[in-house]
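Observations on the three-dimensional arrangement
Chain residues, written in single-letter form:
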Amino acid sequence: AQTVTQSQPEMSVQEAETVTLSCTYDTSESDYYLFWYKQPPSRQMILVIRQEAYKQQNATENRFSVNFQKAAKSFSLKISDSQLGDAAMYFCAYRRVRNNDMRFGAGTRLTVKP
Amino acid sequence: DAGVIQSPRHEVTEMGQEVTLRCKPISGHNSLFWYRQTMMRGLELLIYFNNNVPIDDSGMPEDRFSAKMPNASFSTLKIQPSEPRDSAVYFCASSFRTGARNEKLFFGSGTQLSVL
């Protein structure tokens, strides 16, 4: 079975600074998707960024970017110019292309200090 | 579109009682997922359906848990009998599965279940 590991239960960053959240995954597949979701206190699950494994170029969405290392099965999220509104739980997720289920890591709680 | 709708938002019940959680996926979506979120384990996939058919229920913790999807617009997750360790937030999510590569999962707001 595929597993997703987030080794940092909690992280903190100073406002306007940069923080990197780690994620590793285990799979024997060659084609899959990777995601980062944000969950604020409202419980809403918000898609932050998505990466397709066949694409070598790292995905970027404004202040959010990823470092996708396929051989190392690593998928870290970098948040630049951190804002107070970035404080949330962040989940890394994996989804096979040929199947449909999405598996999540245990999450990293990010605190942003003013 | 109203998004994925879950009910109730909060449920408090006593140990041994039956609990039914409900989900209405986004119209037109053909895949539906039930997740459980706890502090210890994060988000766990319990079961998912494609075209109303259960595909993988290996995440369902025990026989006390059951899920149904009688039609494309409705699903239930039932716990009978409930136990305090079932206390968690239960999420329903849906997506549209095609041959396209960009499939986004849409989540409901979750049901906070407390079993006393």
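Please refer to the structure placed before this passage.
The following refers to the structure shown. (Residues numbered from 1 in each chain as written. Chains lettered and ligands numbered in written order. Predicted model: local features only at pLDDT ≥ 70, side-chain atom pairs only at ≥ 80, totals over all residues. Heavy atoms only, no water.)

On a plain count of helices and strands, chain A comes out with zero helices and 12 strands. Along the chain direction, N to C, the helices and strands of chain A fall in the order β-β-β-β-β-β-β-β-β-β-β-β. For chain A, whose C-alpha radius of gyration is 14 Å, the value lies close to the compact-globule estimate of 13 Å for 114 residues. When the 114 residues of chain A are sorted by exposure, 52% land in the buried category. Put simply, 55% of the contacts in chain A that link residues at least 6 apart link residues at least 24 apart. Carbon and sulfur atoms provide 44% of the accessible area of chain A, an area that totals close to 5400 Å². In chain A, 14 positive and 11 negative side-chain charges are present, and the distance between their average locations comes to 5 Å. (Helix = DSSP H or I, 4+ residues; strand = E, 2+ residues; numbered from the N terminus. Rg over C-alpha atoms; globule rule 2.2 N^0.38 Å. Buried < 20%, exposed > 50% of the residue type's maximum accessible area, 1.4 Å probe, protein only. Contact = heavy atoms within 4.5 Å. Areas by Shrake-Rupley, 256 points an atom, 1.4 Å probe, with all protein chains shown as cover. Lys, Arg positive; Asp, Glu negative; His and termini not counted. Charge placed at Lys NZ, Arg CZ, Asp CG, Glu CD.)

With 28 residues of chain B at the interface, the matching set in chain A holds 24 residues. Surface buried jointly by chain B and chain A totals about 2200 Å² across both partners, of which 44% is contributed by carbon and sulfur atoms. Scanning the region where chain B abuts chain A turns up one salt bridge. Of the charged contacts, one joins A:Arg103 and B:Asp56 as a salt bridge, the two residues approaching to 3.4 Å between their closest N and O atoms. Put simply, the parts of the chain that give the side of chain B that touches chain A at least two residues each are strand S4 (31-38), strand S5 (42-50), strand S9 (88-95) and strand S11 (111-115) of chain B. Split into classes, the residues belonging to the side of chain B that touches chain A amount to 10 nonpolar, 11 polar and seven charged. (Buried area = accessible area lost by both parts, 1.4 Å probe. Salt bridge = Lys/Arg side-chain N within 4 Å of Asp/Glu carboxyl O. Nonpolar A, V, L, I, M, F, W, Y, C, P; charged D, E, K, R; others polar.)

Moving on, we come to the state of the cysteines. Residue and element names in this part refer to chain A. Taken as a whole, this structure holds two disulfides over all chains when the rule is applied. The residue that forms a disulfide with Cys-23 is Cys-92, at a sulfur-sulfur distance of 2.0 Å. One quick way to see it: the torsion about the S-S bond of Cys-23 and Cys-92 is about -70°, and its sign makes the bridge left-handed. With Cys-23 in the loop between strand S3 (19-21) and strand S4 (24-26) and Cys-92 in strand S10 (residues 88-96), the pair connects residues that are 69 residues apart, well separated along the chain. Here the two residues Cys-23 and Cys-92 agree in accessibility, since each one is buried. (Disulfide = S-S within 2.5 Å.)

Here the focus is the packing of aromatic side chains. The tally for this structure, following the rule as stated, stands at 16 aromatic pairs over all chains. Ring centres of A:Tyr37 and B:Phe107 lie 5.6 Å apart, and the angle between their planes is 75°; this geometry places the pair in the edge-to-face category. Linking A:Tyr37 in strand S5 (residues 32-39) with B:Phe107 in strand S10 (residues 106-107), this pair reaches from one chain into another. Note on B:Phe107: relative accessible area 12%, which makes it buried. Put simply, the rings of A:Tyr33, A:Phe35, A:Tyr37, A:Phe91, A:Phe104, B:Phe33, B:Tyr35, B:Tyr48, B:Phe91 and B:Phe107 touch in pairs and so form one group of aromatic residues. (Phe/Tyr/Trp six-rings, centres within 6.5 Å; stacked < 30°, edge-to-face > 60°.)

We now examine the sheet that holds strand S8 (residues 74-79) of chain B. All names here are of chain B. Spatial strand order, S1-S3-S8-S7: four strands in an open sheet with antiparallel pairing. Each edge of the open sheet carries a strand with a single partner, namely strand S1 (5-7) and strand S7 (65-71). The sheet shows a mean angle of 15° between the axes of neighbouring strands, direction not considered. Across five bridges, the pairing between strand S3 (residues 19-24) and S8 is antiparallel. Along S8, the bridge assignment pairs Cys-23 with Ser-75. (Pairing = 2+ DSSP bridges. Axes fitted to C-alpha atoms, helices over the stretch in contact; angles between N-to-C directions.)

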